[in-house]
There are 2 protein chains.
Amino acid sequence: MTQHLNTRVLNVDLGTRSYPIRIGARLLADPASYRELHGRPLKLITDHNVAAQYLAPVCAALKLSDADVLSLPPGEATKSWAKVEQVLDWLLEHRLPRDGVLVALGGGVIGDLAGFVAAIYQRGIDFTQIPTTLLAQVDSSVGGKTGINHARGKNMIGAFHQPRLVISDLATLSSLSRRELLSGMAEVIKYAMLGDADFFGWLEHNLDPLLALDGNRLAEVVERCCAMKAQIVAADERESGRRALLNLGHTFAHAIETHSGYGQWLHGEAVAVGLCMACNLSVRLGWLGEDEAQRCIALVRRAGLPTTPPADMTVDDFHEHMQLDKKVQGGKLRLILMRSIGEAVVSADFTPELLDDTLSRFCRIEAK
Amino acid sequence: MTQHLNTRVLNVDLGTRSYPIRIGARLLADPASYRELHGRPLKLITDHNVAAQYLAPVCAALKLSDADVLSLPPGEATKSWAKVEQVLDWLLEHRLPRDGVLVALGGGVIGDLAGFVAAIYQRGIDFTQIPTTLLAQVDSSVGGKTGINHARGKNMIGAFHQPRLVISDLATLSSLSRRELLSGMAEVIKYAMLGDADFFGWLEHNLDPLLALDGNRLAEVVERCCAMKAQIVAADERESGRRALLNLGHTFAHAIETHSGYGQWLHGEAVAVGLCMACNLSVRLGWLGEDEAQRCIALVRRAGLPTTPPADMTVDDFHEHMQLDKKVQGGKLRLILMRSIGEAVVSADFTPELLDDTLSRFCRIEAK
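Remember, it's a predicted structure, so these values are computed and weren't measured experimentally. (Residues numbered from 1 in each chain as written. Chains lettered and ligands numbered in written order. Predicted model: local features only at pLDDT ≥ 70, side-chain atom pairs only at ≥ 80, totals over all residues. Heavy atoms only, no water.)

1. What to know about the overall build of chain A
The helix and strand inventory of chain A stands at twelve helices and eleven strands. Looking at chain A as a whole, 64% of its 368 residues are labelled buried. When contacts within chain A are restricted to residue pairs at least 6 apart in sequence, those whose partners lie at least 24 apart make up 74%. (Helix = DSSP H or I, 4+ residues; strand = E, 2+ residues; numbered from the N terminus. Buried < 20%, exposed > 50% of the residue type's maximum accessible area, 1.4 Å probe, protein only. Contact = heavy atoms within 4.5 Å.)

In structure tokens, the structure reads:
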């Protein structure tokens, strides 16, 4: 991919908790990327895969020694209670002070885990995200949702805790596995579906070069998604309203991930199925045109993402896991549904029967 | 004690997170005390001792069944990582939704634990405090500091998370053990020392009836302390300034508690020693008059509280535990010190030698 893109800076506007997102190529090896952190006590967590590729240049840029780094196993299973305890023990053993900074180098798993640890270590310390996957760059590194999984539900334990700085190095995207890249594309498609019809059309036209890792187009994707997320988060940090739209497809997706055991499905793969299911229910409600739903599902399929849940998953499995969704309010499940491509809404205005029709349709498809 | 005091309501003014503190006799059995919680899904945690005395009337007032209650062992050792996990598992097993409320019935240990669980369950749910000890009523139930202990330091893991409601039933104070009552008195003396010379004088004159559980005087103590705390918290919720003054004596106290193993010393007992040590260092700095220091230490002693640390504790033990204090900034320890009775300051303006003089003085006394 092209390596000489200009660095672009977006700002997440949250008063005293505002922070910059720097997006560009080869940022992670550049000490200037981290100027806010200069002179502060730092500790870094990462995973073994990311460490093999990027730890050396990041440590050089941040002047970190081996004792300042904790590397964890890659994969969703690392977002666990046991790993939070391990990181906390390590920080206390190494006596990171309250004015220190925890740096997360990796994908969504490392970012969510590090952010949660930073939220509860000494009642909250600063943290910095260096996302190295498309999914983390377009979505999870921005906005301050942190947390871990529980056997009973995805992201059931966590906190809202904003980073102080996000460094998105586009060069890292060229080394992603195909599966990781596609997982990120599911979140990209989600942004277009929920809030930007023009972007959706642009994705339809540019999907092939994107999947071929065209640097300029990937840069545009990261910038557009981050800009949309920054705007939504600034308006509704704690998800009392509009921010919930970013969960399009996620209630279905979390049920799939919880059912399958964390790490079997990548998050974006489950989101891809969830987007298709949300479209289906939206059509049943008469809110979304059948033709628009087909465009959405076709884009998901063209991206090489799954469109149906695991073969062994039943309607009852979905019900069981969706019952604990964080958007349940007054005992009623709320879902993000589509009015049109580019317009999503939070709604509890669906009958249990219509939801069952959608669940049956998707569970039957795979059961055949 | 007098049972027919009027209910007094104080407000902690924090914008959308403001909440009332209701103070009065026989509040916990009265459904009207909890009117904000009506109709919401509730779970309650308490400890075995408190449960034996107050669980039945609280459950009746809140219409809770056995399945809605989790009772834990009493004592500081319950403020642990393992107990947080146990409570989270229990909440998820019983599917408390995000719009539910966690109720803490008990002293500072239950309140700090429940508050922390509420802070991280589904990224934060509402919680309510029903403090049943003097220490919890005058201090820990108000202000949103939640957390647990770690082998390496007291309250090292936690969050700022405000309750939505605090119900202080003064009738519970009459059933406290002597030791628990005195532990609370240490925090009361702390308030007077750090910010209210008139209150200090009042305490000197009213100590004996207070220790004899005079209801009107205890009510006045709870109200004055809560009013002072509410004002300080409203001005500085996240402890970036003035709120740190509430930690007068606490850096020394936390070192004692960490050293001794949680539960050997009650928190207030350790705070009592810390207050004496802060006075000593303040005199050495020339900030506090020797006569004023002696008045403070005399009041602590008259209350039947300890004035010297555990016999086996050395200067090095203090250094080791104080190094991890949350108020360390730029590598430098800051302490709350006294300018006069009623006026405390946060300061790093002491030499290591002066601090060592104070530590040696207190460790030597007991070593004799």
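So that's the structure; there's more coming.
2. Focus: the interface of chain B and chain A
Listed by partner, the interface residues are 38 residues for chain B and 38 residues for chain A. The contact between chain B and chain A buries some 3600 Å² in all, and 54% of this surface belongs to carbon and sulfur atoms. Counting every contact that joins chain B to chain A gives zero salt bridges. At the junction of chain B and chain A, the tally comes to 14 residue pairs in polar contact (both at pLDDT 80 or more). (Buried area = accessible area lost by both parts, 1.4 Å probe. Salt bridge = Lys/Arg side-chain N within 4 Å of Asp/Glu carboxyl O. Polar contact = N/O pair within 3.5 Å; in protein donor to acceptor, adjacent residues only side chain to side chain.)

3. Things to note about the nonpolar core
Residues Leu203 and Phe318 of chain A are the most contacted members of the largest nonpolar core, which totals 87 residues. When residues of this core are assigned to domains, at least three map to each of domain 1 (8-175) and domain 2 (178-367) of chain A. With near-sequence residues (within four places) excluded, Leu203 of chain A lies in contact with Met185, Val188, Ile189, Ala192, Leu210, Val221 and Leu299 of chain A. Counting residues in hydrophobic clusters, the runner-up holds 85 residues, among them Ile189, Phe252, Val328 and Leu335 of chain B. (Core = buried A, V, L, I, M, F, W, Y, C linked by side-chain atoms within 4.5 Å. Domains from an automatic or database assignment.)

4. Looking at the pairing of strand β2 (residues 19-24) of chain A
All names here are of chain A. Across the six residues of β2, six count as buried, placing the element largely inside the fold. Alignment of strand β1 (residues 8-12) against β2, held across five bridges, turns out to be antiparallel. Note that in β2 the partner of Val9 across the bridge is Arg22. In this antiparallel pair of consecutive strands, β1 and β2, the connection spans six residues, and Gly15 shows a positive phi of 60°. Sheet topology note: the β2/strand β9 (residues 165-169) ladder contains four bridges and is parallel. (Pairing = 2+ DSSP bridges.)

5. Some thoughts on the relation of the copies chain B and chain A
Overlaying chain B with chain A gives an RMSD of 0.0 Å, the required rotation being 180° about an axis along which the chain moves by 0.0 Å. Both chain copies can therefore be described as sitting about a two-fold axis. A shared interface surface links the copies, since 100% of the contact residues of chain B are contact residues in chain A too. (Least-squares fit on C-alpha atoms with pLDDT ≥ 70 in both.)

6. Digging into the state of the cysteines
Taken as a whole and assessed by the stated rule, the structure comprises zero disulfides over all chains. Looking at the unpaired Cys276 of chain A, the closest cysteine sulfur is the one in Cys279 of chain A, lying at 6.5 Å. Free cysteine: Cys296 of chain B, not disulfide-bonded; nearest cysteine sulfur from Cys279 of chain B at 4.0 Å. Judged by relative accessible area, Cys296 of chain B falls into the buried class, the value being 1%. (Disulfide = S-S within 2.5 Å.)

7. A look at the pattern of salt bridges
Residue and element names in this part refer to chain A. Enumeration according to the criterion identifies 42 salt bridges over all chains in this entry. The residue Glu76 makes a salt bridge to Lys154 at a minimum N-O spacing of 2.5 Å. One end of the pair, Glu76, is in the loop between β4 (69-72) and α2 (81-93); the other, Lys154, is in strand β8 (residues 153-160), with 78 residues separating them in the sequence. Neither residue differs from the other here; Glu76 and Lys154 are each classed as buried. We note a salt bridge from Asp139 to Lys190, for which the minimum N-O separation is 3.5 Å.

8. Side note on helix α1 (residues 48-62) of chain B
Residue and element names in this part refer to chain B. Where α1 bends most, at Tyr54, the angle is about 65°, and the proline Pro57 comes one to four residues later. All buried positions along α1 are accounted for by Val50, Ala51, Tyr54, Leu55, Val58, Cys59, Ala61 and Leu62. In this fold, the buried residues of α1 make contact with β3 (42-47), β4 (69-72), β5 (101-106) and β6 (126-131). Capping of α1 at its N-terminal end is provided by Asp47; its side-chain oxygen lies 2.9 Å from the backbone amide nitrogen of Asn49. Backbone geometry just after α1 places Lys63 at a positive phi near 55°. (Bend = angle between axes of the 7 residues up to and from the residue.)

9. Brief notes about the environment of Gly124 of chain B
Following the sequence through the fold, Gly124 of chain B ends up in the loop between α3 (108-120) and β6. Given a relative accessible area of 22%, Gly124 of chain B falls into the partly exposed group. A sequence separation of 56 residues divides Gly124 of chain B from Asp68 of chain B, and the C-alpha atoms of the two residues are 19 Å apart. Not counting chain neighbours up to four residues away, the residues in contact with Gly124 of chain B comprise Gly158 of chain A together with Ala118, Ala119 and His161 of chain B.

10. Overview of the packing of helix α9 (residues 267-284) of chain B against helix α10 (residues 290-302) of chain B
A pair of packed helices is captured by two measures, namely the crossing angle of their axes and the spacing between those axes. Residue and element names in this part refer to chain B. One can describe the packing of α9 onto α10 by two numbers: an axis separation of 9 Å at closest approach and a directional angle of 175°. On the basis of their axis angle, the class for α9 and α10 is roughly antiparallel. In this structure, α9 uses Ala272, Leu275, Cys276, Cys279 and Val283 to contact α10, whose residues at the interface are Glu290, Ala293, Cys296, Ile297 and Val300. For the contact of α9 with α10, the per-class residue count stands at nine nonpolar, no polar and one charged. (Axes fitted to C-alpha atoms, helices over the stretch in contact; angles between N-to-C directions. Parallel < 35°, antiparallel > 145°, perpendicular 65-115°, else oblique. Nonpolar A, V, L, I, M, F, W, Y, C, P; charged D, E, K, R; others polar.)

11. What to know about the packing of aromatic side chains
In total, this model carries three aromatic pairs over all chains according to the counting rule given. Aromatic pair Trp81 of chain A and Trp81 of chain B: ring centres 4.0 Å apart, planes at 10°, arrangement stacked. Placement of Trp81 of chain A in helix α2 and of Trp81 of chain B in helix α2 (residues 81-93) is noted, with the two residues assigned to different chains. The residues Trp81 of chain A and Trp81 of chain B share a single accessibility class, namely buried. Residue placement shows Lys332 of chain B over the ring face of Phe350 of chain B; its charged tip is 5.6 Å from the ring centre. (Phe/Tyr/Trp six-rings, centres within 6.5 Å; stacked < 30°, edge-to-face > 60°. Lys NZ or Arg CZ within 6 Å of the ring centre and 35° of its normal.)

12. Section: the sheet that holds β3 of chain B
All names here are of chain B. The strand order β1-β2-β9-β6-β5-β3-β4 describes an open sheet built from seven strands, whose pairing is mixed. Where the open sheet ends on each side, the last strands, each with one partner, are β1 (8-12) and β4. Within this sheet the neighbouring strands show an average axis-to-axis angle of 15°, counted without direction. Relative to β5, β3 runs parallel, the two sharing five bridges. Bridge assignment links Leu44 to a residue of β5, and that residue is Val103. Here α1 sits on the sheet and contacts β3, β4, β5 and β6; the angle it forms with β3, its principal contact strand, is near 160°.

13. Thoughts on the UniProt feature "binding site: Zn(2+)" (unreviewed entry) in chain A
All names here are of chain A. Mapped onto this structure's residue numbering, the UniProt feature "binding site: Zn(2+)" (unreviewed entry) falls at Glu187, His250 and His267. These residues run over 81 residues, yet every pair of their C-alpha atoms falls within 10.0 Å of each other. Topologically, Glu187 is positioned in helix α5 (residues 178-195). In this view, Glu187 contacts Leu135, Val138, Asp139, His250, His267 and Val271; residues no more than four positions away in its chain are not counted. Here Lys190 takes part through its side chain, which lies 3.0 Å from a polar atom of the side chain of Glu187. Along the chain, His250 turns up in helix α8 (residues 250-260). (UniProt positions renumbered as here; feature names shortened; annotations may be inferred.)

14. Here's the deal with α2 of chain A
The end-to-end C-alpha distance of α2 of chain A, which contains 13 residues, comes to 18 Å, matching closely the 18 Å that a straight helix rising 1.5 Å per residue would cover. All buried positions along α2 of chain A are accounted for by Trp81, Val84, Val87, Leu88, Trp90, Leu91 and Leu92 of chain A. (Expected span 1.5 Å × (residues − 1).)

15. As for the sheet that holds β4 of chain A
All names here are of chain A. With mixed pairing, the seven strands of this open sheet are ordered in space as β1-β2-β9-β6-β5-β3-β4. Each edge of the open sheet is held by one strand with a lone partner, namely β1 and β4. The mean angle between the axes of side-by-side strands here comes to 15°, regardless of whether they run parallel or antiparallel. Of the strand pairs in this sheet, strand β6 (residues 126-131) and β9 are connected by two bridges, and their pairing is parallel. Pairing of Thr128 across the sheet is with Leu165, part of β9. Packing against the sheet, helix α7 (residues 215-235) makes contact with β1 and β2, and its axis sits at approximately 20° to β1.

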